[in-house]
Amino acid sequence: MRHAQRLQGIESTIFATMSALAVRTGAVNLGQGFPDEDGPTSVIAQAESAMRAGRNQYPPGHGTPELLDAVIAHQRGCYGLELDRSQVVATTGATEAIAAAVLGLVDPGDEVVMLEPYYDSYDAVVQLAGGVRRGVTLRAPEYRLDVDVLAAAITSRTKLILLNTPHNPTGTVLTREELEAVARVAIEHDLVVVSDEVYEHLTFDDAAHLPIATLPGMFERTVTISSVGKTFSLTGWKVGWASGPAELVTAVEAAKNWLTYTSGSAFQPATAYALTHELDFPRRLAGELQAKRDRLCAGLATLDVDVHVPQGTYFVVTDVARYGWEDSLAFCRALPERAGVVAVPCQGFYDDAAEGAHKVRWTFCKKNEVIDEALQRLAEADLHR
């Protein structure tokens, strides 16, 4: 093997693997979280207009002025956070923002505390940075933060807390009390927090997203990350941003400069338009997704699985232990042939193997007829080992 040791154990993302399986088998894809329908036509028209106006070459590495200003206005208007252009950097999606934050802030041997189950890129980028992952498990059936477990995970080598709320894949939206507990730990141990908030506008029922950067003493130690992809159903645009104190944002940009340097020339001004003119779209989208969540959860509840109803995001997590498979990966690999449906196994998102062994993630950011077709196929199939 000629690949670097830092890549040992890092394989292709499970989302790409399962989506490829869906294409190969013709299965209904309830695995990877991309919507069936595009975002606002007005925003897409802005991208087309930018292309026709000649915005097809490298934009500024820091981000186009209108995108930086739109993020500043968004953070002020939604959360009361005051920023300037030195405190925002545009990235190639939230995934690059997370990677650049970890690469820019974590040295070899530093420990990174993260909630598990975790998005798979978190694990990969911490390993690439030479860091050490420390998981804090959100346990079924409620998937709430255990403050004592969080405190116990901190050591003298801890450098950073990698937070995700609303949380993928469980759909948990951390409460003010939970965030205050994270803040106490971060302040007491002088830690940086990198907060992935890409589902910030997609919460349901009475759950409300609160950025941890708004809590006392936290702005100066927090990198906040979001993107156009989930908020506006434009996942393929890959326009994201990181914001926070200039010192931390500079570290993110220093790493990002050697990853992509810049991207999305025409998509950045279109994203700025979305943030300044189309914020009603994610509000409507959240309502539509809540109805789709209920549709999928109701259907899954008729099967022999334990269903967790999420407070936000695109996803429902179920426990399929009663089907008799040794793990969720084996179950999900067999599912396309048995039922013509693809889901994502969660076991690879856990250090706690017992907790994650039989968890499966399903997405509901699909058309109703797609969800119904998947549920009908599942109901008619024999899913037992």
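Computed from a predicted model, the values in this text were never measured in an experiment.

The next thing to look at is the domain arrangement of the chain. The assigned domain composition of the chain is domain 1 (5–39 + 279–380) and domain 2 (41–277). For domain 1 versus domain 2, the distance between C-alpha centres works out to 23 Å. Taken residue by residue, the interface counts 40 residues in domain 1 and 47 residues in domain 2. Taken together, the links from domain 1 to domain 2 amount to 4 salt bridges.

The next point concerns the packing of helix α1 (residues 14–25) against helix α12 (residues 328–339). Where α1 contacts α12, the axes come no closer than 9 Å and their chain directions differ by 20°. With respect to α12, the element α1 is oriented roughly parallel. With respect to the hand of their crossing, α1 and α12 are arranged in right-handed fashion. Contacts from Ile 14, Met 18, Leu 21 and Thr 25 of α1 reach α12 at Leu 329, Cys 332, Arg 333, Pro 336 and Glu 337.

Core analysis: the biggest nonpolar cluster contains 124 residues, and Leu 296, Phe 331, Leu 335, Trp 362 and Leu 378 have the highest contact counts within it. In terms of residues, this core owes the most to one element, helix α4 (residues 93–105), which gives 8 residues. Sequence-distant contacts of Phe 331, that is, excluding residues within four places in its chain, are made with Val 320, Tyr 323, Trp 325, Val 360, Trp 362 and Leu 383.

Attention now moves to the environment of Gln 75. Along the chain, Gln 75 turns up in helix α3 (residues 65–79). Exposure remark for Gln 75: the relative accessible area of 3% places this residue in the buried category. A sequence separation of 40 residues divides Gln 75 from Leu 115, and the C-alpha atoms of the two residues are 24 Å apart. If sequence neighbours within four positions are ignored, Gln 75 has contacts with Gly 80, Leu 81, Leu 83, Glu 200, Thr 224 and Ser 243.

Here the focus is the side chain of Thr 313. Relative to the helices and strands, Thr 313 is located in the loop between β9 (306–308) and β10 (315–319). For Thr 313, a relative accessible area of 0% puts it in the buried group.

It is worth spelling out a nonpolar patch on the surface at this point. The grouping of Leu 7, Leu 103, Leu 128 and Leu 259 at the surface amounts to a nonpolar patch, some 300 Å² of accessible area in total. Looking at the secondary structure, you find Leu 7 in the segment before α1.

A few words now on the packing of aromatic side chains. Tallied over the full model, the rule gives 11 aromatic pairs. A centroid spacing of 6.0 Å and a plane angle of 55° characterise the contact between Phe 204 and Phe 364, whose relative ring orientation is tilted. With Phe 204 in the loop between β6 (192–196) and β7 (222–227) and Phe 364 in the loop between β13 (359–363) and α14 (368–380), the pair connects residues that are 160 residues apart, well separated along the chain. Exposure remark for Phe 204: the relative accessible area of 1% places this residue in the buried category. Taking relative accessible area as the criterion, Phe 364 reaches 0% and is therefore assigned buried. Summarising the aromatic geometry, the rings of Tyr 323 and Phe 331 are spaced 5.8 Å apart at their centres and angled 5° between planes, so their arrangement reads as stacked. The two residues Tyr 323 and Phe 331 agree in class, both being buried.

Moving on, we get to the sheet that holds strand β5 (residues 158–164). The 7 strands are arranged β2-β8-β7-β6-β5-β3-β4 in an open sheet whose pairing can be described as mixed. Each end of this open sheet is capped by a strand with a single partner; those strands are β2 (88–91) and β4 (132–137). The average angle at which neighbouring strand axes cross in this sheet is 20°, direction not considered. Alignment of β5 against β6, held across 5 bridges, turns out to be parallel. Its bridge partner lying in β6, Asn 164 is registered against Asp 196. Relative to β5, helix α7 (residues 176–188) is tilted by about 165°, and along the sheet it contacts β5 and β6.

Cut-offs applied
Residues numbered from 1 in each chain as written. Predicted model: local features only at pLDDT ≥ 70, side-chain atom pairs only at ≥ 80, totals over all residues. Heavy atoms only, no water. Domains from an automatic or database assignment. Contact = heavy atoms within 4.5 Å. Salt bridge = Lys/Arg side-chain N within 4 Å of Asp/Glu carboxyl O. Axes fitted to C-alpha atoms, helices over the stretch in contact; angles between N-to-C directions. Helix = DSSP H or I, 4+ residues; strand = E, 2+ residues; numbered from the N terminus. Parallel < 35°, antiparallel > 145°, perpendicular 65-115°, else oblique. Left-handed = near helix turned anticlockwise from the far one by under 90°. Core = buried A, V, L, I, M, F, W, Y, C linked by side-chain atoms within 4.5 Å. Buried < 20%, exposed > 50% of the residue type's maximum accessible area, 1.4 Å probe, protein only. Patch = residues over 30% accessible without salt bridge, like charges linked within 9 Å, V, L, I, M, F, W, Y side chains within 5 Å. Areas by Shrake-Rupley, 256 points an atom, 1.4 Å probe, with all protein chains shown as cover. Phe/Tyr/Trp six-rings, centres within 6.5 Å; stacked < 30°, edge-to-face > 60°. Pairing = 2+ DSSP bridges.

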